[in-house]
Amino acid sequence: PYADLIFTTHPEISKQLGKMYKKNSILLFPVLDLLKPKKKFVKKIKFTGELTTYRKKILNKVLESEFKNHNSNKFLTNNSKNFIYSIHPPKNSFWVYSSPIRYFMSIYKNEIPIVFDNFNDSFSRYLTIKHKIKNIKNIFKNYQKNLKLMNKKIKKYNDNYFFKRYRNLKIIKKTLTN
């Protein structure tokens, strides 16, 4: 395929483009605002995305761990603005890609993205909090602590990607003016 510029939002996609098409791409890195504390929130964890068999298993484990004697409707996918957490399990047990766009959207909606896996990329490191399923029961009690930790991570992410965004803008400008 022919293109002057290719934009991606995931480092693995960039690598695959390079291997398959011998094309360089530019990773997009949005600047993220810090999360603001919410005084009113629902004690439910938001889940979005395709509900695969693997994800159902993970969600059921979370329900068993945290909510076994409570209302089983702890996951919602509606547009409520009162969520403080969103959960981001992989599609299947072999899935190796994190979900930066989902993390960006969660942070944009003032939610803390939660993962259970060790994705090996900076987006997961900087833009999520990793939890063990068995420890999820303390997630609402630890909201202030998690909020502080997440904001530290967002600051590191913004600082780390500042120069990469600047470099990418120079490449875009050069390509568009040639």
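Scroll up for the structure.
1. Focus on the layout of surface pockets
Considering only enclosed or pocket space, the largest pocket measures out at about 240 Å³ in volume. In terms of lining residues, the largest pocket is bounded by 20 residues, among which S25, I26, L27, R167 and N168 are the most central. Elements that contribute at least two residues to the lining of the largest pocket include exactly β2 (26-27), α4 (122-127) and α5 (143-177). A per-element tally of the lining of the largest pocket places α5 first, with five residues. Tallied by class, residues from the lining of the largest pocket come to ten nonpolar, five polar and five charged. Volume-wise, the second largest pocket comes out at about 160 Å³. Along its surface, the second largest pocket is lined by V31, L32, D33, L34, K36, F104, I107, Y108 and N110. Split into classes, the residues belonging to the lining of the second largest pocket amount to six nonpolar, one polar and two charged.

2. A look at the side chain of T8
Tracing the sequence through the fold places T8 in strand β1 (residues 7-8). There is a polar contact of 2.7 Å between the side chain of T8 and the side chain of S14.

3. Some remarks on unusual backbone geometry
One non-glycine residue with positive phi stands out, namely N110, at about 65°. Inspection of the secondary structure puts N110 in the loop between α3 (100-108) and β6 (112-115).

4. A few points about α3
Of the positions making up α3, those classed as buried are P100, Y103, F104, S106 and I107. Within α3, the buried residues cover an arc of 165° as seen down the axis, which keeps them to one side. Packing partners of the buried residues in α3 comprise β5 (85-87), β6, α4 and α5. Downstream of α3 by one or two residues, N110 has phi in the positive range, about 65°.

5. Here we look at a positive patch on the surface
Together, K43, K130, K132, K134, K137 and K141 give the surface a local cluster of positive charge. Along the chain, K141 falls in the loop between β7 (129-130) and α5. The class of K141 is exposed, set by a relative accessible area of 69%.

6. Notes on the nonpolar core
By size, the foremost hydrophobic cluster in this structure holds 33 residues, and its most contacted members are Y85, I112, I114, L127 and Y157. Examining the composition of this core, we find that six residues originate from one element, α5, more than from any other. For Y157, the residues in contact, after removing those within four places along its chain, are F29, P30, L32, F104, F123, Y126, L127 and R165.

7. Quick word on empty space enclosed by the protein
Tallied over the full model, the rule gives one cavity of 30 Å³ or more. Put simply, the largest cavity is a space of about 40 Å³.

Cut-offs applied
Residues numbered from 1 in each chain as written. Predicted model: local features only at pLDDT ≥ 70, side-chain atom pairs only at ≥ 80, totals over all residues. Heavy atoms only, no water. 1 Å grid on protein atoms, 1.4 Å probe; cavity = no way out; pocket = protein on both sides within 12 Å on 5 of 7 lines; lining within 4 Å. Points joined across faces, edges and corners; volume = space filled by probe spheres on them. Helix = DSSP H or I, 4+ residues; strand = E, 2+ residues; numbered from the N terminus. Nonpolar A, V, L, I, M, F, W, Y, C, P; charged D, E, K, R; others polar. Polar contact = N/O pair within 3.5 Å; in protein donor to acceptor, adjacent residues only side chain to side chain. Buried < 20%, exposed > 50% of the residue type's maximum accessible area, 1.4 Å probe, protein only. Arc of directions from axis to C-beta. Contact = heavy atoms within 4.5 Å. Patch = residues over 30% accessible without salt bridge, like charges linked within 9 Å, V, L, I, M, F, W, Y side chains within 5 Å. Areas by Shrake-Rupley, 256 points an atom, 1.4 Å probe, with all protein chains shown as cover. Salt bridge = Lys/Arg side-chain N within 4 Å of Asp/Glu carboxyl O. Lys, Arg positive; Asp, Glu negative; His and termini not counted. Charge placed at Lys NZ, Arg CZ, Asp CG, Glu CD. Core = buried A, V, L, I, M, F, W, Y, C linked by side-chain atoms within 4.5 Å.

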